[in-house]
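Chain residues, written in single-letter form:
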Amino acid sequence: MNSSCDNLSTIKFEKLRKEPKKFMASFKKGVLYSGFDKSIRLLKSSNIAVSRNANHSEEKLFDEAIDFLEVKFPSKKRKVKKVRKEVAILRQVYKNIFSKVPNINDRLKQSREKLIFLVCLELYLTTNKNAEVFMANADLRETFFPLAFDVNRMSVDELNFLQSYHHFVEEQTREVRGILLYFSLIEHSSTEEVAFSWDDIVDQMKYIKSINDFWIFEHVYELWSYLDMSLVRRGKTLFFSSSNYKRYKAWMISNYRSRESHQTKQYNHLKHVEDASGKPEVGGFKKDNLSHWMCMEYFFAFPSEVFINEVSVYDWLEVYNALAQYAKRVVDERKHISIDISFSGCFEVKSKKEWLTVLSGSGVKIEAISKIFSKLVLNSEDKSNNGDIFDHPFYQLAKDEFILFSSVASGIDPIQCLKTISNTNHHEIRLGKYRKAIKYIDSFEREVGAGLEKMKVPFASNVYFSQDCNYSRPFEGEFDFIFSVDNVFFFIECKKFPYPFYFKQHQINYEKLSSEAGKFNQKVDFVIQNPHSLKKQNPKLSNWFPDKKTNRRRVRKILITSFPIGEIFFVDNCQIMDVETFNYCLLNKEATVKEISSRRKVDVLLSKSEDSLITRFNNLAKHQPINWLMKEQCKLITRQEKTGDFDVVFPHYERIVPEIVYSND
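Please read all numbers here as calculations on a predicted model, not as lab measurements.

## Overview of the overall build of the chain
- For the chain, the helix and strand inventory stands at 26 helices and 20 strands.
- Expressed as a percentage of contacts within the chain between residues at least 6 apart in sequence, the contacts between residues at least 24 apart total 69%.

## Side note on the sheet that holds strand β11 (residues 476-485)
- Sheet architecture is open: six strands sit in the order β10-β11-β12-β13-β15-β14, paired in mixed fashion. Looking at which strands have only one partner, the edges of the open sheet turn out to be β10 (459-466) and β14 (569-571). Ignoring which end each strand starts from, the neighbouring axes of this sheet average 35 degrees apart.
- Sheet topology note: the strand β13 (residues 555-561)/strand β15 (residues 574-578) ladder contains five bridges and is parallel. Bridge pairing in β15 links threonine 561 to aspartate 578.
- Running at roughly 95 degrees to β15, helix α24 (residues 579-587) makes contact with β12 (488-495), β13 and β15 of the sheet.

## Examining helix α18 (residues 366-374)
- Every buried residue of α18 is accounted for by Ala368, Ile369, Ile372 and Phe373. The buried residues of α18 occupy an angular sector of 140 degrees when the element is viewed end-on, so they sit on one face.
- Buried residues belonging to α18 abut β5 (311-312), α15 (313-333), α17 (352-359), β7 (394-398) and β8 (401-404).

## Things to note about the packing of aromatic side chains
- Enumeration over the complete set of coordinates arrives at 30 aromatic pairs.
- Centre to centre, the rings of phenylalanine 465 and phenylalanine 479 are 5.4 Å apart; their planes meet at 20 degrees, and the pair counts as stacked. Residue phenylalanine 465 is found in strand β10, and its partner phenylalanine 479 is found in strand β11; the two are separated by 14 residues along the sequence.
- On the basis of relative accessible area, phenylalanine 465 is assigned to the buried category, the value being 0%.

## With respect to the sheet that holds strand β19 (residues 646-655)
- Taken together, four strands build an open sheet; the order of strands is β2-β3-β19-β18 and the sheet is mixed. Among the strands making up the open sheet, the edge pair consists of β2 (230-234) and β18 (634-643). Direction aside, neighbouring strands of the sheet carry axes that sit 30 degrees apart on average.
- Examined bridge by bridge, β2 and strand β3 (residues 237-241) share five bridges and lie antiparallel to one another. Across the sheet, residue arginine 233 finds its bridge partner in β3, namely leucine 238.

## Examining the confidence of the model for the chain
- Residue-level pLDDT values for the chain average 81, and 81% of them are 70 or greater.
- When the criterion is pLDDT under 50, residues 434-441 qualifies, and its contacts beyond four places in sequence or with other chains add up to 20 contacts.

## Some words on the packing of helix α5 (residues 77-99) against helix α12 (residues 205-226)
- Across the interface, α5 lies against α12 with an axial gap of 10 Å and an inter-helix angle of 165 degrees. As summarised for this structure, α5 and α12 are arranged roughly antiparallel, according to the angle between their axes. Remark: the crossing between α5 and α12 carries left-handed chirality. Contacts between α5 and α12 involve Val83, Glu86, Val87, Leu90, Val93, Tyr94, Ile97 and Phe98 from the former and Ser210, Asp213, Phe214, Phe217, Tyr221 and Trp224 from the latter.

## Section: the side chain of glutamate 493
- You can see glutamate 493 is positioned in strand β12.
- Assessed through its relative accessible area of 7%, glutamate 493 is described here as buried.
- Leaving out residues up to four positions away in the same chain, glutamate 493 has contacts with Glu478, Asp480, Phe520, Lys523, Ile558, Leu559 and Ile560.

## Examining the environment of glutamate 590
- Within the secondary structure layout, glutamate 590 lies in the loop between α24 and β16 (591-594).
- In this structure, the C-alpha to C-alpha distance between glutamate 590 and leucine 605, residues 15 residues apart in sequence, is 7.5 Å.

## Thoughts on the pairing of β7
- With five of five residues buried, β7 lies mostly within the body of the structure.
- Relative to β8, β7 is paired through four bridges, and the arrangement is antiparallel. By the bridge assignment for β8, glutamine 396 is matched with phenylalanine 402.

## A few points about the environment of isoleucine 211
- Within the fold, isoleucine 211 resides in helix α12.
- Taking the relative accessible area as the measure of exposure, isoleucine 211 reaches 0% and is therefore buried.
- Taking the C-alpha atoms as reference points, isoleucine 211 and leucine 180, separated by 31 residues in sequence, lie 9.4 Å from one another.

## Considerations on the nonpolar core
- With 154 residues, the main nonpolar core has Phe27, Leu118, Leu123, Trp224, Leu418 and Phe479 as its most contacted residues.
- In contact with leucine 118, other than residues within four places in its own chain, are Leu180, Phe343, Phe347, Tyr395, Leu397, Ile403 and Phe405.

## A few points about helix α26 (residues 625-632)
- For α26, the full list of buried residues reads Ile626, Asn627, Leu629 and Met630. Seen along its axis, α26 keeps its buried residues to an arc of 155 degrees; they face one direction.
- The inward-facing, buried residues of α26 contact α13 (246-275), α24, β16, β17 (601-606), β18 and β19.

## A closer look at the pattern of salt bridges
- Here the structure, examined in full by the defined rule, presents 24 salt bridges.
- Its salt-bridge partner being glutamate 86, residue lysine 82 comes within 2.5 Å of it at the nearest N-O pair. Here glutamate 86 and lysine 82 lie together in helix α5, a separation of four residues that amounts to about one turn.
- With a shortest N-O distance of 3.9 Å, lysine 495 and glutamate 493 are connected by a salt bridge.
- With a relative accessible area of 24%, lysine 495 lands in the partly exposed category.

## So, unusual backbone geometry
- Despite not being glycine, asparagine 487 has its phi angle at roughly 65 degrees, a positive value.
- The phi dihedral of aspartate 572 falls on the positive side, at around 55 degrees, and the residue is not glycine.
- Tracing the backbone through its elements, the reader meets aspartate 572 in the loop between β14 and β15.

## Remarks on the environment of serine 26
- In this fold, serine 26 is placed in helix α2 (residues 20-34).
- A C-alpha to C-alpha distance of 8.9 Å links serine 26 and leucine 16, two positions ten residues apart in sequence.

## Observations regarding the packing of α12 against helix α22 (residues 503-529)
- Closest axis-to-axis distance for the α12/α22 pair is 9 Å, and the angle between their directions is 25 degrees. Here α22 runs roughly parallel to α12, going by the angle between their axes. Of the residues in α22, those in contact with His219, Glu222, Leu223 and Tyr226 of α12 are Phe503, Lys504 and Gln507.
- Each residue belonging to the contact of α12 with α22 can be placed in one class, and the counts come to three nonpolar, two polar and two charged.

The rules behind the values
Residues numbered from 1 in each chain as written. Predicted model: local features only at pLDDT ≥ 70, side-chain atom pairs only at ≥ 80, totals over all residues. Heavy atoms only, no water. Helix = DSSP H or I, 4+ residues; strand = E, 2+ residues; numbered from the N terminus. Contact = heavy atoms within 4.5 Å. Pairing = 2+ DSSP bridges. Axes fitted to C-alpha atoms, helices over the stretch in contact; angles between N-to-C directions. Buried < 20%, exposed > 50% of the residue type's maximum accessible area, 1.4 Å probe, protein only. Arc of directions from axis to C-beta. Phe/Tyr/Trp six-rings, centres within 6.5 Å; stacked < 30°, edge-to-face > 60°. pLDDT = per-residue confidence, 0-100. Parallel < 35°, antiparallel > 145°, perpendicular 65-115°, else oblique. Left-handed = near helix turned anticlockwise from the far one by under 90°. Core = buried A, V, L, I, M, F, W, Y, C linked by side-chain atoms within 4.5 Å. Salt bridge = Lys/Arg side-chain N within 4 Å of Asp/Glu carboxyl O. Nonpolar A, V, L, I, M, F, W, Y, C, P; charged D, E, K, R; others polar.

Encoded structure:
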């Protein structure tokens, strides 16, 4: 088995965190099956080593589980001691971060402190995410923007640097949830009368630094939890390292490819949007709306065909559009903000009903808007809202008081947000009934089938088989595609998964891929041993398969997934690859750089292959051009940051070229 993943049940054990007895019962049972090393990795990936709640219930659960392992495996005491020491360090770092937050015992003063922080955060984000606002207001610019730039006179290098700085600000403020946790239990009797001086606002920049502390902590905590990196403390410095960086590199490349793929698809569809301006919508698909095109790319279906939380993506996009338009008007007024700032001057405090009324301008039914709104609240009681402020721009102040971070919502990317929501609510995504004219039942299969048709490769799709009745155990299944190239039989399985961003999401996707590959292997092995079962129910395949057992050397098993994978990945004898890699091989694409304005080809990064189709497929098992290109553009560096009174040294796989690479068909 050549695989970067372990067959762990991260989702299962994360769900059981709130039920300690069930967690421990399942964990003890799993230990007997998995052994010590896998059990340790499972425990670390259950995200309970450091509690984010006041009673430390999750930490207690972790300690109980590690106690059990120490008793069960007495010969592993040294490893158990090492894990205990690492956990103690992580808990200390988290405690130190919170110790920096001022301890205000007076509830009214603490309430006021929270309001000032929210205003500071909103102005900070506005300044760094909306250039036209910070350039118009000298006070915002000088307070929150550290670089003396004139946008109208910038060189190309300066503009690129400015863009990188904006990306840094977004990364830095993603973990705002951690600092808001400090204020989470405070309710406000009144907000409109609360006014602050400019000095009050500037003083709150201390919290911006704390936000960065939380971001660094969450990142290295993920390295320890999901990438099994070891942690060593030397004085006030923490070192994270691993004996095998393969999986870390693969997941980082996957992230870079996901981001680049999103940018590339946006770029490629801009021409469609420009050409379709003013044309009517067709079947709920607006040709002049970029988000509708991007929905097709990500979900492989029309917006009206995909449902998240029982609401069509078409309705989601309409609500996002209404939200962005509203937020843009609010931000535009911020150009004229005065030195003396009131809370109500930055935020409108509304009830849920009032916000639903604001969003009702989208034309979507109020019941659907209500479901969407519940997924957009950062600190919602719905625990599945575990993204960040850029995915959940509403914040709940009190029982029925909500504010909107207009700085974020004004530039919101609906499809990126839906990617996050689909990551955390994967069980709530479903596809509607498709029109009869569509050939493939599953939307993702359309993408694969269209490529095979374009290359005129003969294939069979949705091939069903079942075991003969004289067998003791029934066995049945279906193959998404079967095709033959130069007498080599390709069995294809198509599986859609959410695009991962955080390492936990990568871990979960890899677990699922490993499981699905195992099932796929069983199906292929069965029909290889029993070709008559397949041929009897699919007569058109009779000429493809001989009467005797198929030679295993002439069989290729490929599981195609929707999200970019950053490595050559096998589970047993099944190769797992993403659809972009599959299409590069099948359609013989080249990777190019184009000008945004003219779409003129500037450079060819990867040329088309001169090899035959079967040779290209064979080469994919050893060399994948897309991942090779990304590796050439990345470098493993040592990064040092400060968080929780510690210097933290950890590996970082950094891309050292611009993030814009466009591909031709």
